[in-house]
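Now for the letters of each chain:
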Amino acid sequence: MQRIEFVDTHTGGEPTRIIVESPIRFAGTTLAERKVEFHQKFDDFRRAMVCEPRGNDVLVGALLTPPLDRSCGAGVLFFNNIGVLGMCGHGTMGVAVALHHLGRIAPGQHRLETPVGVVPFELGSHGRVTLQNVPCYRFRRNVPLVLPDGREVHGDIAWGGNWFFLCQDHGLRIGLDNQPQLDALARSIRSALQQQQITGRNGEEIDHVELIGPSSSTSVADSRNYVLCPGGAYDRSPCGTGTSAKIACLAADGTLPPDGLYRQQSIVGSVFEATYKHLHPEHSESLDTSGQLAALRPIVPSITGTAFITGAGQLLLDPQDPFCMGIQH
Ligand code: PYC
């Protein structure tokens, strides 16, 4: 029987399972290489950690790895029910409180290495975490999209650590009681994007759809979102990368100034607070010498939320169990 140590958390209702120790020994020399390696060689391990019968479609996994960048306290690979993610905002907050729960970090400033870059974060009291996301930007504005039923919607395409299509003219109310309709629409948007080969920069797949609407009447938040994740589940939290993508669009429109506060409410009512600073042009050039990124005026978002520990222990992998390595739907 193999035993895998884990800590479970949730951030604004969205769960993260942090894998503290794993038998995996990576050969890759960057986290981006290890992301590919995890997907290609250890997909059964991913399934075993987050899919049924031990997990579910909503659960995001976070595999802790020793950092390759010595300025970081830990490295992490985020994954879900279908694959590996570049970055995850709610998951980063979960990792922060899990590292504290394990006695590995104290409240204060820390750095986490992810496949898309280093994510500095500050752990405050009572599970409050502010993360500084990787540089984010709007790639295309107000893109028309014809849906399979002939209806046309519009959306911005933005990078928030993952690729998002952010749509506001969808005509639906964002509320839990409307979830089946929101889900059907978000799925049809995603398949239209695929069919019409509408992508992010460098042809990358847009795998997250974010529907945006007014916040609930009892909330002071600036807007409420419904985020369809790549594996078909919807984000219970306001989505850290989705909130980053949203404020990148507001920054590009000039409707949110640097350091201005934006509050993003999720479908279950939880709220992330977001601010941003512009990325220094020299920094953009060091990330992309073609100058294309600098022209998109990337921002560096700070996202704040609260995560809670919900469980900790060992996952048991019994080789006699026919579903030991999880069920892939
Ligand atoms: O918080 O960035 C996020 C996220 C991505 C997918 C689910 N949550």
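Described in the following lines is the structure provided in the data block. Residue numbering note: each chain is counted from 1, following its sequence as written. With pLDDT at 70 or above as the cut-off, local features in this predicted model cover only qualifying residues; side-chain atom pairs require 80 or more to be listed or tallied, and sums for whole chains, interfaces and linings still use all residues. By convention in this description, side-chain values take in all heavy atoms of the structure and omit both hydrogens and water.

We call a residue near a molecule or strand when any one of its heavy atoms sits within 4 Å of it. If you check the shell around the ligand, you find C88, G89, H90, H208, C229, D235, C239, G240 and T241 and nothing else. In the analysis that follows, any N or O atom pair within 3.5 Å is treated as a polar contact, provided that within protein one partner can donate a hydrogen and the other can accept it, and provided that, for residues neighboring in sequence, both atoms belong to side chains. H90 is positioned such that a nitrogen or oxygen atom in its backbone is 2.8 Å from an oxygen atom of the ligand. Here an oxygen atom of the ligand and a side-chain polar atom of T241 are 2.7 Å apart. Calculation of accessible area relied on Shrake-Rupley with a 1.4 Å probe; when residues are assessed, cover is drawn exclusively from the protein chains displayed. Here the ligand has 250 Å² of accessible area as a free molecule, and 99% of this is covered by the chains. Sorting the residues of the shell around the ligand by element identifies α3 (89–101) and α5 (240–253) as the ones contributing at least two each. Each residue gets one of three labels, nonpolar for Ala, Val, Leu, Ile, Met, Phe, Trp, Tyr, Cys and Pro, charged for Asp, Glu, Lys and Arg, and polar for the others, Gly among them. Here the residues of the shell around the ligand sort into three nonpolar, five polar and one charged. Numbering of helices and strands runs from the N terminus, with a helix taken as a DSSP run of H or I at least four residues long and a strand as a DSSP run of E at least two residues long.

Helix span, as expected, comes to 1.5 Å for every residue beyond the first. Here α5 spans 20 Å end to end across 14 residues, near enough to the 20 Å set by a 1.5 Å rise per residue. Burial classes follow relative accessibility: with a 1.4 Å probe on protein chains only, a residue under 20% of its type's maximum area counts as buried, one over 50% as exposed, and anything between as partly exposed. Counting buried positions over the 14 residues of α5 gives twelve, a clear majority of the element. Looking only at α5, the buried set comprises G240, T241, G242, T243, S244, A245, K246, I247, A248, C249, L250 and A251. Just downstream of α5, G254 is the residue with a positive phi angle, here 80°.

A few words on the pattern of salt bridges. One side-chain nitrogen of Lys or Arg within 4 Å of one carboxyl oxygen of Asp or Glu is enough to make a salt bridge. Tallied over the entire structure, the rule returns twelve salt bridges. Two residues, D43 and R46, come together in a salt bridge whose shortest N-O distance is 2.7 Å. Residue D43 and its partner R46 are both found in helix α2 (residues 43–50); the two are separated by three residues, about one turn of the helix. With a relative accessible area of 1%, R46 lands in the buried category. A single salt-bridge network, built from bridges that share partners, covers R138, R141, D156 and D253.

Residues F78, V95, L145, F165, I189 and L211 are the most contacted members of the largest nonpolar core, which totals 65 residues. To qualify as a nonpolar core, a set must consist of buried Ala, Val, Leu, Ile, Met, Phe, Trp, Tyr and Cys residues joined through side-chain atoms within 4.5 Å. Judged by nonpolar contacts, the second largest core, of 21 residues, contains F42, A48, L317 and C324.

With that out of the way, let us pick up the packing of aromatic side chains. Centres within 6.5 Å are what make two rings of Phe, Tyr or Trp a pair, Trp counting through its six-membered ring; a difference in plane orientation under 30 degrees is then read as stacked, over 60 as edge-to-face, and the rest as tilted. For the coordinates displayed, the defined rule picks out seven aromatic pairs. Aromatic pair Y137 and W163: ring centres 5.9 Å apart, planes at 80°, arrangement edge-to-face. Taken together, the positions of Y137 in strand β9 (residues 137–146) and W163 in strand β11 (residues 163–167) put the pair 26 residues apart, joining distant regions of the chain. With respect to burial, Y137 and W163 carry one shared label: buried. Arranged with centres 5.3 Å apart and planes meeting at 55°, the rings of W159 and W163 form a pair that is tilted.

One polar contact links R46 to D43, side chain to side chain, over a distance of 2.7 Å. Once you skip the residues sitting within four places of it in the chain, R46 turns out to touch F38, C51, F79, N80, N81, I82, G83 and Q328. Whether two residues touch is decided by their heavy atoms; if any such pair falls within 4.5 Å, the residues are in contact.

Our focus in this paragraph is the pairing of strand β4 (residues 74–79). Counting buried positions over the six residues of β4 gives six, a clear majority of the element. The alternating pattern of β4 places A74, V76 and F78 and G75, L77 and F79 on opposite faces, both of which are buried. As paired elements, β4 and strand β6 (residues 108–114) share two bridges and run parallel to each other. Bridge pairing in β6 places A74 opposite L112. If DSSP finds at least two bridges between two strands, the strands pair. Across two bridges, β4 lies against strand β5 (residues 84–85) in antiparallel orientation. Bridging from a neighbouring strand, F78 pairs with L85 of β5. Here β4 folds back onto β5 in antiparallel fashion, the turn holding four residues.

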